[in-house]
Amino acid sequence: MKIIKAKDYEDMSRKAANIISAQVIMKPDCVLGLATGSSPVGTYEKLVEWYRKGDLDFGDVTTVNLDEYRGLPRENDQSYYYFMHNHLFDYVNINPERTFLPDGMNDDPEKECARYEEVICATGGVDLQLLGLGHNGHIGFNEPGEFFEKGTHCVDLQPSTIEANKRFFASADDVPKQAYSMGIQTIMMAKKILVVVSGADKAEAVKNAFFGPVTPKVPGSILQMHPNVVVVADEAALSKCTLPE
Ligand code: GLP
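Residues numbered from 1 in each chain as written. Predicted model: local features only at pLDDT ≥ 70, side-chain atom pairs only at ≥ 80, totals over all residues. Heavy atoms only, no water.

Let us look at the site of the ligand. Neighbouring residues of the ligand: 14 residues in total, closest S38, S39, D67, R167 and K202. Here N165 contributes a side-chain N or O atom positioned 3.0 Å from an oxygen atom of the ligand. In the model, an oxygen atom of the ligand is placed 2.6 Å from a nitrogen or oxygen of the K202 side chain. Burial of the ligand by the protein chains amounts to 96% of its free accessible area of 390 Å². The site holding the ligand turns out to be the largest pocket. Counted by class, the shell around the ligand contains three nonpolar, eight polar and three charged residues. (Near = heavy atom within 4 Å. Polar contact = N/O pair within 3.5 Å; in protein donor to acceptor, adjacent residues only side chain to side chain. Areas by Shrake-Rupley, 256 points an atom, 1.4 Å probe, with all protein chains shown as cover. 1 Å grid on protein atoms, 1.4 Å probe; cavity = no way out; pocket = protein on both sides within 12 Å on 5 of 7 lines; lining within 4 Å. Sits in = over half its atoms within 2 Å of the grid points. Nonpolar A, V, L, I, M, F, W, Y, C, P; charged D, E, K, R; others polar.)

With antiparallel pairing, three strands are arranged side by side in an open sheet as β4-β8-β7. What marks the edges here is a single partner per strand, and that holds for β4 (67-69) and β7 (153-156). Put simply, the sheet's adjacent strands are angled 25 degrees from each other on average, direction ignored. As judged from the three bridges shared by β4 and strand β8 (residues 178-181), these two strands associate in the antiparallel manner. Along β8, the bridge assignment pairs D67 with S181. (Pairing = 2+ DSSP bridges. Helix = DSSP H or I, 4+ residues; strand = E, 2+ residues; numbered from the N terminus. Axes fitted to C-alpha atoms, helices over the stretch in contact; angles between N-to-C directions.)

L88, V195, V197 and F210 are the most contacted members of the largest nonpolar core, which has 71 residues in total. Apart from residues no more than four positions distant in its own chain, V195 is found in contact with L131, G132, F210, L223, V229, V230, V231 and V232. (Core = buried A, V, L, I, M, F, W, Y, C linked by side-chain atoms within 4.5 Å. Buried < 20%, exposed > 50% of the residue type's maximum accessible area, 1.4 Å probe, protein only. Contact = heavy atoms within 4.5 Å.)

Further remarks concern the state of the cysteines. Cysteine pairs can be covalently joined through their sulfur atoms, and such a bond is termed a disulfide. Scanning the model with the defined rule gives zero disulfides in all. Cysteine C30 is unpaired, with the sulfur of C121 as its nearest cysteine sulfur at 18 Å. The thiol of C121 is not disulfide-bonded; the next cysteine sulfur, from C113, is found 15 Å away. (Disulfide = S-S within 2.5 Å.)

Turning our eyes to something else, we now look at helix α2 (residues 41-52). Helix length check: α2 (12 residues) gives 17 Å between terminal C-alpha atoms against 16 Å at 1.5 Å per residue, within 8%. If you follow the buried residues of α2, they end up packed against α1 (9-26), β2 (31-34), α3 (80-87), β6 (128-131) and β9 (192-197). One or two steps after α2, the chain reaches G54, where phi turns positive at roughly 90 degrees. (Expected span 1.5 Å × (residues − 1).)

This next bit is on the sheet that holds strand β3 (residues 62-65). Spatially, the seven strands line up as an open sheet ordered β1-β10-β9-β6-β2-β3-β5, and their pairing is parallel. Because the sheet does not close on itself, it has two edges, and the strands there are β1 (2-6) and β5 (99-100). For β9 and strand β10 (residues 229-234), the ladder comprises five bridges, and the chain directions are parallel. In the strand pairing of β10, V195 is matched with V231. Across the sheet, α1 touches β1, β2, β6, β9 and β10, and the angle it forms with β9 is around 165 degrees.

Here we come to the packing of α2 against α3. Orientation of α2 relative to α3, taken along the N-to-C sense of each, is 40 degrees, at an axis distance of 10 Å. When the axis of α2 is compared with that of α3, the two are oblique. Contacts from V41, Y44 and V48 of α2 reach α3 at F83, M84 and H87. (Parallel < 35°, antiparallel > 145°, perpendicular 65-115°, else oblique.)

Limitation: the analysis is restricted to geometry and does not speak to function.
Below, the structure written as structure tokens:
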């Protein structure tokens with residue numbers, strides 16, 4: 001695991017976008033695993049900026065997203081489908097038919113999870129998976145628990161996650177209580193993983209996930225076992241860790 005210290009959110013976003021750009025330049029038909037949340041917004045902004053400058057071409061890229069709220073239609077501005085279009089897909093030359101997310105409106109969790117695993121498999125596998133880190137150490141919507149969930153599954157969101165995400169909704173009652181999420185094994189099968197983390201409020205999660213024991217109680221800690229992980233974290237997020245000089 002390589003940890004890159006960024007000065008602040010802006011610096012983290014630029015560094016992360018550079019890593020994704022390198023992936024797209026090296027393999028124009030790559031498969032990107034994408035994430036939502038506030039952490040990657042700045043990264044997507046940079047990618048859009050560099051696409052507009054002519055430095056990037058998404059024409060042959062395929063994307064698979066980590067997760068989606070269950071029960072939110074695509075048009076809902078808090079759906080992850082909406083987020084991805086609003087922050088990236090609508091502003092670059094990506095083929096919409098090669099952008100995949102779980103279908104939050106499929107009411108049959110078993111069928112939807114199996115379908116999404118097949119979608120990921122059919123892409124040939126994720127080359128670079130972008131991740132944020134939840135305050136409780138979650139990745140995607142893999143919440144802390146007694147064991148690591150393997151494949152795509154339907155999750156009951158924890159009260160702390162509903163609390164953290166209510167800022168995007170009118171009230172906590174409006175936050176969906178469930179989501180479809182790639183599992184830990186799905187995520188770990190990506191060839192490379194890039195984690196972006198920013199802010200002092202994530203410092204404890206960073207310490208637990210990347211410097212503590214590997215445990216399903218901190219789902220992000222499993223990333224310590226992956227052979228090719230880069231964490232780009234800003235100084236505030238790293239404030240509870242001692243990095244080797
Ligand atoms: C959300 C998402 C995750 C995200 C995390 C952190 O609930 N499901 O994919 O990485 O929580 O979000 P943020 O970046 O807004 O702190």
